[in-house]
Protein chains: 2
Amino acid sequence: MPGTVVMKFGGTSVADAERLKRAAQRIVAKREEGLRVVAVLSARGKTTDDLIADAQEISPHPDPREMDMLLSTGERQSCALCAMAINDLGHQAISLTGSQAGIVTDTSHTKARILEVRADRIREALDDDKIVLVAGFQGVSTARDVTTLGRGGSDTTAVALAAAIEADECEIYTDVPGVFNADPRIVPNARKIPVISFEEVLEMSASGAGVLQLRSLEYARTHGVRVHCRSSFSDEPGTVVVGDQETVENPLITAVTHSTGESRITLSHVPDTPGVAGRIATALAEANINIDMIIQNEPVSEAAAAELSFTVPRDDLHGAKLALQPLADELSMQLTAQEAIGKVSIVGAGMKTHPGVAARVFSTLGREGINIEMISTSPIKISCVVDGDRVPDAVRALHSEFELSGEGTIQVERPFGEFAT
Amino acid sequence: MPGTVVMKFGGTSVADAERLKRAAQRIVAKREEGLRVVAVLSARGKTTDDLIADAQEISPHPDPREMDMLLSTGERQSCALCAMAINDLGHQAISLTGSQAGIVTDTSHTKARILEVRADRIREALDDDKIVLVAGFQGVSTARDVTTLGRGGSDTTAVALAAAIEADECEIYTDVPGVFNADPRIVPNARKIPVISFEEVLEMSASGAGVLQLRSLEYARTHGVRVHCRSSFSDEPGTVVVGDQETVENPLITAVTHSTGESRITLSHVPDTPGVAGRIATALAEANINIDMIIQNEPVSEAAAAELSFTVPRDDLHGAKLALQPLADELSMQLTAQEAIGKVSIVGAGMKTHPGVAARVFSTLGREGINIEMISTSPIKISCVVDGDRVPDAVRALHSEFELSGEGTIQVERPFGEFAT
């Protein structure tokens, strides 16, 4: 039984005829290595945005079911066109809609969850030596309606199919060559990470690195799918995300990430009575706003009043203020907000077993004269809120302190052959 | 049980947001008359042409199955957008793909034939007081692949659904107000025909009137579907096509039609031996070319040689020449072609019972000094091939000779209420 691989191409990788043909060549090359290939395609370039604009022109609040019927057409077009290109290259391709591919979802339109993957038809086609192209981002609901999977849906489609047909690897082709140990725009000598564990890449995504979709990564982790994130514009290997236990040896620090997309809200004069923090958190939860960091400084004396600060995604700042103002008024607390804060984080599974990392972080930032306003940690992550303007300096300082540009992480590299499929 | 109507809107009737909304209003108005409504939509404006161009850019000969997957997306977009508009008007609409609507076809991609209509899902939706929107032009094959029905496919979808759910009427909305008794561009006082029989409208379509699709008309005739061809830009009734037996009294002449899309091929020195005409017809049939008129003048003397002339669609002229040249060479016949010929026809079920119509046609054209080059007749049609430049004169002369601008056909008009649904 030959190996099987799932290849996922994003919208930029199929944006026009020339790129579609290039994707077709990549798919064919993989097939000619003797592998069984399933490719998941997104809609071409701006297709989805255009369709959303069409809908907005018709209706201020388009019906979700109809929105799904509308948006699901974009990926079908990509697959049909790519199949034509593959057939011209002398191979047999067949395009399948999400429904034909057996992606069964719940009925929550525009953000459906996959319930089951009935991959019989895909297996039949593979057994017929066909290359299978599947329209990403979509499925069919238990009510027989077309559904879409929401943001990052095509990645989820690819991972779900890889799990269902037990593919050796799920390749995610994007316009970046892989996961870097810092943002190359800030750290010119940032290095691409050849191998990374799920827990690390999940922490990285959560703390600002935007390479892979959290949702599909969670799915891959749960179902043990090996994900290979690589560039659709070059042949070099990208970053392979492997099971947490698979990494031979964990580096002390894997990457430095940052985010400037958060805001801070501070409530002062918080009455020192039980349950207040609970009511604040509840008010935010009811507004469906996630708190990232939160700190409370207890009053040192009866005179001083307690202060509560927390960070929220900047897009949610307005909503958070609205949700909290009534409570602030009721308890006569003062609400202040800092719209643009910076957050810099270091991620590394090795931290678990190496104490003293936090100390090195703090002193490094201290040396740079960067004031740390808030701190939050996890077993494999340390995040610091700093002045937004100092984020680049903080990232560079930490990147060099932990030798991420040099050989610091070389120890985890494996021969790529091991991951080649 | 309230009445049921199928409304079909062509590409120009849903070309942009404004027109889509207008179509939605028409559909809603029909629903508010208390009728159960199924609407069949074509792809918006140039969508299909654009998708075909996209395919050509990828592949010189796109795979038919993939072509269907690609093209079928256009109608789905129209339906989803129209459903949004209807929902905003306070009604419940649901869009269905051809597959969801139960249009089962054979597997001949890009020109599939409808095998069966399993309208259960449509009936369920109608019973739920929903307005049902169906993507025209497409179905699902017995091999579970998306198929398209080829030219005029959406009309066929509408008629097939009307037959399956036993609709009282199938309304075909186009950018023309109905079937006219002559081309208004040539005859300014041409009249719209309120009621016409299938046999007449079929003859008209065959002889040049391009209002309705032959295929869907044949389907409607076979399944006894009443077709109402009307304008999507006005509320006035159009032309109702009824069963041949339903017309109370047939007018002598219903319409004058014309065509300039044909060419004539003449074979001279045809050997006066049996089977030659047969071989000629066979050669053309094998090239899949339909002959319209054909005349053979027998040699009056041994000296003279027989001549065989026939007309073919101008698009087939080149193919016809290629198909016949070998035979011409073998039998040393001379092949000449007249690329642009004109054909003018009069159609009327009343002819059957009124002799002398042909005589009036010939003398009318004679008075105008228009030479008749070929003649063909059917029980309800007389066609004459004339010089292409004289077609307009011929049409006007016959239109006035048979009083088609006046009260000549008023006798067949019925109160529209009888057809209102």
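The rules we used
Residues numbered from 1 in each chain as written. Chains lettered and ligands numbered in written order. Predicted model: local features only at pLDDT ≥ 70, side-chain atom pairs only at ≥ 80, totals over all residues. Heavy atoms only, no water. Helix = DSSP H or I, 4+ residues; strand = E, 2+ residues; numbered from the N terminus. Buried < 20%, exposed > 50% of the residue type's maximum accessible area, 1.4 Å probe, protein only. Contact = heavy atoms within 4.5 Å. Pairing = 2+ DSSP bridges. Axes fitted to C-alpha atoms, helices over the stretch in contact; angles between N-to-C directions. Least-squares fit on C-alpha atoms with pLDDT ≥ 70 in both. Salt bridge = Lys/Arg side-chain N within 4 Å of Asp/Glu carboxyl O. Polar contact = N/O pair within 3.5 Å; in protein donor to acceptor, adjacent residues only side chain to side chain. Phe/Tyr/Trp six-rings, centres within 6.5 Å; stacked < 30°, edge-to-face > 60°. Parallel < 35°, antiparallel > 145°, perpendicular 65-115°, else oblique. Left-handed = near helix turned anticlockwise from the far one by under 90°. Nonpolar A, V, L, I, M, F, W, Y, C, P; charged D, E, K, R; others polar. Domains from an automatic or database assignment.

S.K.: Whenever I open this one, the environment of B:Ala340 confuses me. Can you help?
M.R.: Residues and elements named next belong to chain B. Looking at the element boundaries, Ala 340 is found in strand E16 (residues 334-347). Look at Ala 340 and you get partly exposed, because its relative accessible area is 40%. As for Ala 340 and Arg 264, which are separated by 76 residues in sequence, their C-alpha atoms are 7.6 Å apart. When neighbours within four sequence positions are excluded, Ala 340 is seen to be in contact with Glu 262 and Arg 314.

S.K.: Even after reading the chapter, I still don't get the pairing of strand E12 (residues 239-242) of chain A, so can you show me in this structure?
M.R.: Here is the key point about a regular strand: its side chains alternate between the two faces of the sheet. Residues and elements named next belong to chain A. Side chains Thr 239 and Val 241 of E12 all project onto a buried face; the interleaved residues Val 240 and Val 242 project onto the opposite face, where all are buried too. For strand E10 (residues 195-197) and E12, the ladder comprises 3 bridges, and the chain directions are parallel. Each bridged residue has a counterpart across the sheet, and for Ile 196 the counterpart in E12 is Val 241.

S.K.: In this structure, what is going on with the sheet that holds E12(A)? I would like to understand it.
M.R.: All names here are of chain A. Ordered in space as E3-E6-E2-E1-E9-E11-E12-E10, the 8 strands form an open sheet in which the pairing is mixed. Only two strands of the sheet have a single partner each, and these edge strands are strand E3 (93-96) and E10. Going from strand to strand, the sheet's axes swing by 20° on average, the running direction of each strand aside. In this structure, E3 lies alongside strand E6 (residues 131-135), joined through 4 bridges in parallel fashion.

S.K.: Help me understand the relation of the copies chain A and chain B in this model?
M.R.: Turning one copy of the chain about an axis and sliding it along that axis gives the other copy, so a rotation and a shift relate them. After a rotation of 180° and a shift along the axis of 0.1 Å, chain A superposes on chain B with an RMSD of 0.1 Å. Taken together, the turn and the small shift mark the pair as related by a two-fold rotation axis. Looking at the rotation axis and the C-alpha trace of chain A, the residue lying nearest is A:Thr73, at 2.7 Å. Here 100% of the interface residues in chain A have copies in chain B that are interface residues too; the copies meet face to matching face.

S.K.: Whenever I open this one, the side chain of A:Ser78 confuses me. Can you help?
M.R.: All names here are of chain A. Its place among the elements puts Ser 78 in helix H3 (residues 64-88). Judged by its relative accessible area of 0%, Ser 78 is buried. Filtering out sequence-adjacent residues up to four positions away, Ser 78 remains in contact with Val 14, Leu 20, Leu 41, Ser 42, Ala 43 and Arg 44.

S.K.: How should the interface of chain A and chain B be read in this particular structure?
M.R.: Accessible area lost upon the coming together of the parts serves often as the stated size of an interface. Taken together, the 41 residues of chain A in the interface contact 41 residues of chain B. Joining chain A to chain B, the criterion identifies 6 salt bridges. We note a salt bridge from B:Arg44 to A:Asp54, for which the minimum N-O separation is 3.2 Å. Here chain A and chain B share 18 residue pairs in polar contact (both at pLDDT 80 or more) between them. Where the side of chain A that touches chain B is concerned, the elements lending two or more residues are helix H1 (17-32), helix H2 (47-58), H3, E3 and helix H4 (120-127) of chain A.

S.K.: Just checking my understanding: could you explain the sheet that holds strand E15 (residues 306-313) of chain A for this structure?
M.R.: What holds strands together in a sheet is hydrogen bonding between their backbones, with the strands either parallel or antiparallel. All names here are of chain A. Spatially, E14-E15-E13-E16-E18-E17 is the arrangement adopted by the 6 strands of the open sheet, whose pairing is antiparallel. Each end of this open sheet is capped by a strand with a single partner; those strands are strand E14 (294-297) and strand E17 (374-378). Between one strand and the next, the sheet's axes are offset by a mean angle of 25°, whatever the strand orientation. Taken together, the 5 bridges between E17 and strand E18 (residues 381-387) define a ladder with antiparallel strand orientation. Bridge pairing in E18 places Ile 375 opposite Cys 384. Against the sheet, helix H10 (residues 357-367) touches strand E16 (334-347), E17 and E18, its axis set at about 20° to E18.

S.K.: Would you take a moment to explain the packing of aromatic side chains for this structure?
M.R.: Each aromatic ring pair is summarised here by two numbers: the centre-to-centre distance and the angle between the ring planes. Residues and elements named next belong to chain A. According to the stated counting rule, one finds 2 aromatic pairs over all chains in the structure shown. Ring geometry for Phe 9 and Tyr 173: centres 4.6 Å apart, planes at 10°, overall stacked. Of the two residues, Phe 9 sits in strand E1 (residues 4-9) while Tyr 173 sits in strand E9 (residues 169-174), which places them 164 residues apart along the sequence. Side by side, Phe 9 and Tyr 173 carry an identical accessibility label, which is buried.

S.K.: When you look at the environment of B:Val227 in this model, what are you seeing that I'm missing?
M.R.: Here B:Val227 lies in strand E11 (residues 227-231). Each C-alpha atom, one on B:Val227 and one on B:Leu96, is 22 Å from the other, the two residues being 131 residues apart in sequence.

S.K.: Looking at this structure, I do not really get the packing of H1(A) against H3(A). What am I missing?
M.R.: Angle between the axes and distance between the axes are the two parameters that describe a pair of packed helices. Residue and element names in this part refer to chain A. The geometry of H1 relative to H3 is characterised by a closest axis approach of 9 Å and an angle of 60° between their N-to-C directions. On the basis of the axis angle, H1 is oblique to H3. Like other packed secondary-structure pairs, H1 and H3 cross with a definite hand, here right-handed. Counted together, Leu 20, Ala 24, Ile 27 and Val 28 of H1 and Ser 78, Leu 81, Cys 82, Ala 85 and Ile 86 of H3 form the full contact between these two elements. Partitioning the contact of H1 with H3 into residue classes produces 8 nonpolar, 1 polar and no charged.

S.K.: I tried to follow the domain arrangement of chain A on my own but got confused; where do I start?
M.R.: The domain boundaries assigned to chain A delineate domain 1 (4-174) and domain 2 (257-401). Measuring from the centre of the C-alpha atoms in domain 1 of chain A to the corresponding centre in domain 2 of chain A gives 39 Å.

S.K.: Mind showing me how you'd approach unusual backbone geometry here?
M.R.: Generally, phi is negative for residues other than glycine and the peptide bonds are trans, each holding for most cases. One non-glycine residue, A:Glu166, lies in the positive phi region at around 50°. Positionally, A:Glu166 belongs in the loop between helix H5 (153-164) and E9. Its identity as a non-glycine residue notwithstanding, B:Asp129 has a phi of 65°, on the positive side. Assignment of secondary structure puts B:Asp129 in the loop between helix H4 (120-127) and strand E6 (131-135).

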